[in-house]
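What follows is the residue order along each chain.
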Amino acid sequence: MKILLLVCCAPDATYSTLALREAGYEVITYFYNPCIHPQEEYDKRRAAMAQLADKMAIEDIKEVPYDPERFFEAVKGFESEPEGNKRCDICFKLRLMEAARKCKELGLEIFASTLTISPHKNAALINALGKEAAEHYGVKYYESDFKKKDGFKKSITMSKEFGLYRQNYCGCEFSIRK
Ligand code: SF4
């Protein structure tokens, strides 16, 4: 069965793709990240996803617009929140809702997200938001915690092997370390 995988960055998509393939899915990646700032950084991360798709022979949806205004509008009033708080919840929800919408648009039954591979992110919260988004669009959500079974470590090894660009901040301008 095909599954749509919401990708936050190529390094996180390495092991997540492998795990889903091992679970019997045919993975289609969807790099939807209006939060990434600035445009040059977005372009670098997008290019890394294209590189990974090539290396792992993944079907990757390429026609995805970069719409940072949507992110800024959604997190208005929460810009100064520390990472891991309300702004991030809104950011996760925005991306998961879009993945659910895309899943429906493509006529697929189920979607997943690479977000749960990060040791800095709350998998339970991401899964709850994913299920909410799935229910909204009448599709299914694949619950995951890709960091388990050394998933995060494996993603680092795979990224190195593939020579993928790895960023040093989460994505939005508020997460750039001064
Ligand atoms: S820190 Fe990361 S998860 Fe939080 S709002 Fe910024 S890009 Fe989104």
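Just above, that's the structure.
Residues numbered from 1 in each chain as written. Predicted model: local features only at pLDDT ≥ 70, side-chain atom pairs only at ≥ 80, totals over all residues. Heavy atoms only, no water.

**Topic: the overall build of the chain**
Along its length, the chain carries six helices and five strands. Shown N-terminal to C-terminal, the secondary structure of the chain runs as helices and strands in the order β-α-β-α-β-α-α-β-α-β-α. In terms of overall size, the chain behaves like a compact globule, its C-alpha atoms giving a radius of gyration of 15 Å where 178 residues would be expected to give roughly 16 Å. Along the three orthogonal principal directions, the C-alpha set of the chain runs to about 40 × 40 × 30 Å. (Helix = DSSP H or I, 4+ residues; strand = E, 2+ residues; numbered from the N terminus. Rg over C-alpha atoms; globule rule 2.2 N^0.38 Å.)

**Things to note about the packing of aromatic side chains**
Considering all chains together, one arrives at eight aromatic pairs under this definition. A network of ring pairs unites the aromatic residues Tyr25, Tyr142 and Phe146 as a single cluster. Above the plane of the ring of tyrosine 169 lies arginine 45, whose end atom (NZ or CZ) is 5.1 Å from the centre. (Phe/Tyr/Trp six-rings, centres within 6.5 Å; stacked < 30°, edge-to-face > 60°. Lys NZ or Arg CZ within 6 Å of the ring centre and 35° of its normal.)

**So, the site of the ligand**
The full set of residues close to the ligand is Cys35, Phe71, Glu83, Arg87, Cys88, Cys91, Phe92, Arg95, Cys170, Gly171, Cys172 and Ser175. The element that contributes the greatest number of residues to the shell around the ligand is helix H4 (residues 86–105), accounting for five residues. Counted by class, the shell around the ligand contains seven nonpolar, two polar and three charged residues. (Near = heavy atom within 4 Å. Nonpolar A, V, L, I, M, F, W, Y, C, P; charged D, E, K, R; others polar.)

**So, the pattern of salt bridges**
As enumerated under the stated definition, the model contains twelve salt bridges in all. For the salt bridge of glutamate 41 with arginine 45, the shortest nitrogen-to-oxygen distance reads 2.8 Å. Separated by four residues within a single helix, glutamate 41 and arginine 45 lie in helix H2 (residues 39–56), roughly one turn from each other. In this pair, the class of glutamate 41 matches that of arginine 45, namely buried. Sharing partners across several salt bridges, the network here consists of Arg70, Glu98, Arg101, Lys102 and Glu105. (Salt bridge = Lys/Arg side-chain N within 4 Å of Asp/Glu carboxyl O. Buried < 20%, exposed > 50% of the residue type's maximum accessible area, 1.4 Å probe, protein only.)

**A few points about the pairing of strand S2 (residues 26–31)**
Here S2 lies mainly inside the structure; five of its six residues are buried. Of the strand pairs in this sheet, strand S1 (residues 2–7) and S2 are connected by six bridges, and their pairing is parallel. The residue bridging lysine 2 from the neighbouring strand is glutamate 26, located in S2. On the question of chirality, the crossover connecting S1 to the parallel S2 by way of helix H1 (residues 10–22) is right-handed. Between S2 and its parallel partner strand S3 (residues 59–61), the chain crosses via H2, and the hand of that crossover is right-handed. (Pairing = 2+ DSSP bridges. Right-handed = clockwise from strand over helix to strand, strands pointing away.)

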